[in-house]
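Summary of the model geometry
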Amino acid sequence: MKTGLKGLIKEVRACSVCKEYLPLGPRPILSLSTSCRVMIIGQAPGTKVHGSGIPWDDASGERLRVWMGIDRGVFYDSSLIGIMPMGFCYPGKGKGGDMPPRPECAPLWHSKLLDHCPNVRLTLLIGQYSQSYYLKDRRKGTLTETVKAYDEYMPDFIPLVHPSPRNQIWLKKNPWFEKRLVPILRKRIKGALKS
(Lines give C-alpha, C1' and ligand atoms only; values in the text may rest on other atoms or scores of the structure.)
Protein backbone atom coordinates (compact mmCIF):
# COMPACT_ATOMS: atom_id res chain seq x y z
CA MET A 1 0.00 0.00 0.00
CA LYS A 2 1.37 3.40 -1.01
CA THR A 3 1.72 5.93 1.81
CA GLY A 4 0.43 9.46 1.22
CA LEU A 5 2.45 12.51 2.26
CA LYS A 6 0.64 12.94 5.60
CA GLY A 7 1.42 9.33 6.52
CA LEU A 8 5.01 9.72 5.40
CA ILE A 9 5.48 12.89 7.47
CA LYS A 10 4.06 10.98 10.44
CA GLU A 11 6.67 8.25 9.81
CA VAL A 12 9.47 10.83 9.63
CA ARG A 13 8.31 12.45 12.87
CA ALA A 14 8.36 9.04 14.57
CA CYS A 15 11.84 8.19 13.24
CA SER A 16 14.43 7.18 15.83
CA VAL A 17 17.06 5.60 13.54
CA CYS A 18 19.96 7.62 14.99
CA LYS A 19 18.58 8.39 18.47
CA GLU A 20 21.69 7.06 20.22
CA TYR A 21 23.68 9.92 18.61
CA LEU A 22 21.24 12.73 19.46
CA PRO A 23 22.02 14.50 22.75
CA LEU A 24 18.50 15.96 23.06
CA GLY A 25 16.78 12.89 21.60
CA PRO A 26 14.88 12.63 18.32
CA ARG A 27 12.54 15.42 17.31
CA PRO A 28 12.36 15.44 13.50
CA ILE A 29 11.37 18.87 12.21
CA LEU A 30 9.99 19.46 8.72
CA SER A 31 7.10 21.21 7.01
CA LEU A 32 5.77 20.53 3.52
CA SER A 33 2.71 19.70 1.48
CA THR A 34 1.91 18.28 -1.93
CA SER A 35 1.31 21.81 -3.26
CA CYS A 36 4.52 23.52 -2.02
CA ARG A 37 6.32 25.45 -4.75
CA VAL A 38 9.58 26.39 -3.03
CA MET A 39 11.63 23.82 -1.11
CA ILE A 40 14.18 24.91 1.49
CA ILE A 41 16.85 22.33 2.22
CA GLY A 42 19.05 23.49 5.05
CA GLN A 43 21.35 21.74 7.50
CA ALA A 44 19.72 20.66 10.77
CA PRO A 45 17.72 22.37 13.50
CA GLY A 46 19.56 24.16 16.30
CA THR A 47 18.61 24.01 19.98
CA LYS A 48 16.06 26.83 19.74
CA VAL A 49 14.26 25.12 16.84
CA HIS A 50 14.49 21.76 18.63
CA GLY A 51 12.77 23.42 21.59
CA SER A 52 9.98 25.13 19.64
CA GLY A 53 9.50 22.46 16.98
CA ILE A 54 9.15 25.25 14.40
CA PRO A 55 11.70 25.17 11.54
CA TRP A 56 13.91 28.26 11.13
CA ASP A 57 12.41 29.77 14.30
CA ASP A 58 15.60 31.66 15.14
CA ALA A 59 17.88 34.51 14.00
CA SER A 60 18.94 32.48 10.94
CA GLY A 61 15.30 32.13 9.94
CA GLU A 62 14.71 35.86 10.30
CA ARG A 63 17.62 36.63 7.96
CA LEU A 64 16.52 33.92 5.50
CA ARG A 65 13.02 35.44 5.29
CA VAL A 66 14.57 38.88 4.61
CA TRP A 67 16.73 37.39 1.84
CA MET A 68 13.68 35.66 0.35
CA GLY A 69 11.56 38.83 0.61
CA ILE A 70 8.67 37.08 2.38
CA ASP A 71 7.05 37.35 5.79
CA ARG A 72 6.48 34.66 8.43
CA GLY A 73 2.95 34.00 7.18
CA VAL A 74 4.14 33.02 3.70
CA PHE A 75 7.26 31.27 5.01
CA TYR A 76 5.24 28.99 7.29
CA ASP A 77 2.46 28.32 4.76
CA SER A 78 3.36 24.73 3.87
CA SER A 79 1.08 24.91 0.81
CA LEU A 80 3.68 27.34 -0.61
CA ILE A 81 6.99 26.66 1.14
CA GLY A 82 8.42 23.24 1.98
CA ILE A 83 11.13 22.91 4.62
CA MET A 84 13.18 19.74 4.71
CA PRO A 85 16.63 19.85 6.36
CA MET A 86 19.49 17.47 5.58
CA GLY A 87 19.24 16.25 9.17
CA PHE A 88 15.77 16.42 10.74
CA CYS A 89 16.95 16.49 14.36
CA TYR A 90 19.35 18.62 16.40
CA PRO A 91 22.72 16.84 16.00
CA GLY A 92 24.53 18.23 19.06
CA LYS A 93 27.36 20.70 19.66
CA GLY A 94 30.70 20.49 17.89
CA LYS A 95 33.91 22.51 18.15
CA GLY A 96 32.88 25.47 15.97
CA GLY A 97 29.10 25.31 16.40
CA ASP A 98 26.58 22.53 15.87
CA MET A 99 27.63 19.11 14.61
CA PRO A 100 26.97 18.29 10.93
CA PRO A 101 23.51 16.93 10.09
CA ARG A 102 23.16 13.21 10.75
CA PRO A 103 24.00 11.32 7.52
CA GLU A 104 21.05 8.91 7.83
CA CYS A 105 18.19 11.36 7.17
CA ALA A 106 18.57 12.50 3.56
CA PRO A 107 19.13 9.04 1.99
CA LEU A 108 16.36 7.57 4.11
CA TRP A 109 13.66 10.21 3.61
CA HIS A 110 14.35 12.95 1.04
CA SER A 111 13.45 11.20 -2.23
CA LYS A 112 10.32 9.67 -0.66
CA LEU A 113 9.17 13.11 0.53
CA LEU A 114 10.07 14.86 -2.74
CA ASP A 115 8.07 12.26 -4.71
CA HIS A 116 5.00 13.76 -3.01
CA CYS A 117 5.93 17.36 -3.91
CA PRO A 118 5.44 17.57 -7.70
CA ASN A 119 4.84 21.33 -7.72
CA VAL A 120 8.28 22.42 -6.46
CA ARG A 121 9.59 25.05 -8.88
CA LEU A 122 12.67 26.15 -6.94
CA THR A 123 14.87 24.53 -4.30
CA LEU A 124 17.11 26.58 -2.02
CA LEU A 125 20.24 24.63 -1.05
CA ILE A 126 21.46 26.25 2.14
CA GLY A 127 24.99 25.38 3.20
CA GLN A 128 27.59 22.87 2.09
CA TYR A 129 25.74 19.68 3.11
CA SER A 130 22.68 20.20 0.91
CA GLN A 131 24.83 21.52 -1.93
CA SER A 132 27.09 18.47 -1.78
CA TYR A 133 24.13 16.06 -1.67
CA TYR A 134 22.07 17.65 -4.46
CA LEU A 135 24.68 19.21 -6.76
CA LYS A 136 27.18 16.35 -6.43
CA ASP A 137 30.07 16.85 -8.90
CA ARG A 138 28.52 20.06 -10.25
CA ARG A 139 29.51 21.73 -6.99
CA LYS A 140 32.58 23.96 -7.06
CA GLY A 141 35.70 23.67 -4.90
CA THR A 142 34.36 25.86 -2.09
CA LEU A 143 30.98 26.95 -0.80
CA THR A 144 31.76 30.54 -1.85
CA GLU A 145 32.53 29.44 -5.43
CA THR A 146 29.36 27.32 -5.55
CA VAL A 147 27.16 30.17 -4.32
CA LYS A 148 28.90 32.60 -6.73
CA ALA A 149 28.06 30.23 -9.62
CA TYR A 150 24.34 30.27 -8.70
CA ASP A 151 23.25 30.92 -12.29
CA GLU A 152 24.68 27.52 -13.33
CA TYR A 153 22.16 25.74 -11.11
CA MET A 154 19.02 27.65 -12.01
CA PRO A 155 16.16 27.27 -12.66
CA ASP A 156 15.97 24.26 -10.30
CA PHE A 157 18.35 25.28 -7.51
CA ILE A 158 19.81 28.35 -5.86
CA PRO A 159 22.74 27.58 -3.54
CA LEU A 160 23.00 29.90 -0.54
CA VAL A 161 25.37 30.48 2.34
CA HIS A 162 23.78 29.72 5.71
CA PRO A 163 22.00 32.83 7.08
CA SER A 164 23.45 32.26 10.56
CA PRO A 165 24.73 35.28 12.52
CA ARG A 166 28.03 33.32 12.59
CA ASN A 167 28.37 34.09 8.86
CA GLN A 168 28.46 37.86 9.35
CA ILE A 169 32.18 37.94 8.44
CA TRP A 170 31.51 35.95 5.24
CA LEU A 171 28.76 38.41 4.25
CA LYS A 172 31.11 41.38 4.83
CA LYS A 173 33.81 39.74 2.69
CA ASN A 174 31.31 38.89 -0.07
CA PRO A 175 29.15 42.00 -0.62
CA TRP A 176 28.16 40.67 -4.07
CA PHE A 177 25.90 38.15 -2.29
CA GLU A 178 23.42 40.70 -0.95
CA LYS A 179 23.86 43.11 -3.88
CA ARG A 180 23.55 40.60 -6.73
CA LEU A 181 22.15 37.29 -5.56
CA VAL A 182 19.53 38.38 -3.01
CA PRO A 183 17.53 40.45 -5.58
CA ILE A 184 17.61 37.46 -7.99
CA LEU A 185 16.52 35.16 -5.17
CA ARG A 186 13.56 37.44 -4.34
CA LYS A 187 12.51 37.61 -7.99
CA ARG A 188 12.70 33.82 -8.37
CA ILE A 189 10.76 33.26 -5.11
CA LYS A 190 8.06 35.69 -6.25
CA GLY A 191 7.82 33.91 -9.62
CA ALA A 192 7.70 30.44 -8.04
CA LEU A 193 4.91 31.43 -5.64
CA LYS A 194 2.66 32.88 -8.35
CA SER A 195 -0.34 30.66 -9.04
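Structure: above.
A quick note: this is a predicted structure, and the numbers were derived from the prediction, not measured. (Residues numbered from 1 in each chain as written. Predicted model: local features only at pLDDT ≥ 70, side-chain atom pairs only at ≥ 80, totals over all residues. Heavy atoms only, no water.)

It is worth spelling out the overall build of the protein chain at this point. Counting its regular elements, the protein chain contains 9 helices and 6 strands. A globule of 195 residues ought to have a C-alpha radius of gyration of about 16 Å, and the protein chain, at 16 Å, matches this closely. On the principal axes, the C-alpha backbone points of the protein chain span a range of 45 × 45 × 35 Å. Within the protein chain, buried positions represent 48% of all 195 residues. Long-range contacts, defined as pairs at least 24 residues apart, comprise 71% of the intrachain contacts of the protein chain with a sequence gap of at least 6. (Helix = DSSP H or I, 4+ residues; strand = E, 2+ residues; numbered from the N terminus. Rg over C-alpha atoms; globule rule 2.2 N^0.38 Å. Buried < 20%, exposed > 50% of the residue type's maximum accessible area, 1.4 Å probe, protein only. Contact = heavy atoms within 4.5 Å.)

Attention shifts here to the packing of helix H3 (residues 59–68) against helix H9 (residues 176–193). At a minimum axis separation of 7 Å, H3 and H9 run at an interaxial angle of 75 degrees. Taken together, the axis directions place H3 and H9 in an arrangement best described as roughly perpendicular. Within the contact between the two elements, H3 uses Val66, Trp67 and Met68 and H9 uses Phe177, Glu178, Val182, Leu185, Arg186 and Ile189. Split by residue class, the contact of H3 with H9 holds 7 nonpolar, no polar and 2 charged. (Axes fitted to C-alpha atoms, helices over the stretch in contact; angles between N-to-C directions. Parallel < 35°, antiparallel > 145°, perpendicular 65-115°, else oblique. Nonpolar A, V, L, I, M, F, W, Y, C, P; charged D, E, K, R; others polar.)

With that settled, the discussion passes to the pairing of strand S5 (residues 122–126). Counting buried positions over the 5 residues of S5 gives 5, a clear majority of the element. In the sheet, strand S1 (residues 38–41) pairs with S5 via 4 bridges, with the strands oriented parallel. Looking across to S5, one finds that isoleucine 41 is bridged to leucine 125. (Pairing = 2+ DSSP bridges.)

Next up on the list: the sheet that holds strand S6 (residues 157–160). Each strand in a sheet pairs with its neighbour through backbone hydrogen bonds, running either in the same direction (parallel) or in the opposite one (antiparallel). With parallel pairing, the 4 strands of this open sheet are ordered in space as S2-S1-S5-S6. One side of each edge strand has no neighbouring strand; the edge strands of this open sheet are strand S2 (81–83) and S6. Averaged over neighbouring strand pairs, the angle between their axes works out to 20 degrees when direction is ignored. Across 3 bridges, S1 lies against S2 in parallel orientation.

Before going further, it helps to examine the nonpolar core. Core analysis: the biggest nonpolar cluster contains 29 residues, and Ile40, Met68, Leu124 and Phe177 have the highest contact counts within it. Elements with a minimum of two residues in this core: S1, H3, S2, S5, S6, helix H8 (168–173) and H9. In terms of residue count, the dominant contributor to this core is H9 (8 residues). Other than its neighbours up to four places away in sequence, methionine 68 contacts Val38, Ile40, Phe75, Ile81, Leu124, Leu185, Arg186 and Ile189. Among the nonpolar cores identified, the runner-up in size contains 24 residues, and Leu8, Val12, Met86 and Ala106 belong to it. (Core = buried A, V, L, I, M, F, W, Y, C linked by side-chain atoms within 4.5 Å.)

At a closest axis distance of 10 Å, the pairing of helix H1 (residues 5–13) and helix H5 (residues 105–114) adopts a crossing angle of 165 degrees. Classified by the angle between their axes, H1 and H5 sit roughly antiparallel to one another. Where H1 crosses over H5, the two elements pack in a sense that is left-handed. Across the interface between the two elements, Leu5, Leu8, Ile9, Glu11 and Val12 of H1 pack against Trp109, Lys112 and Leu113 of H5. (Left-handed = near helix turned anticlockwise from the far one by under 90°.)

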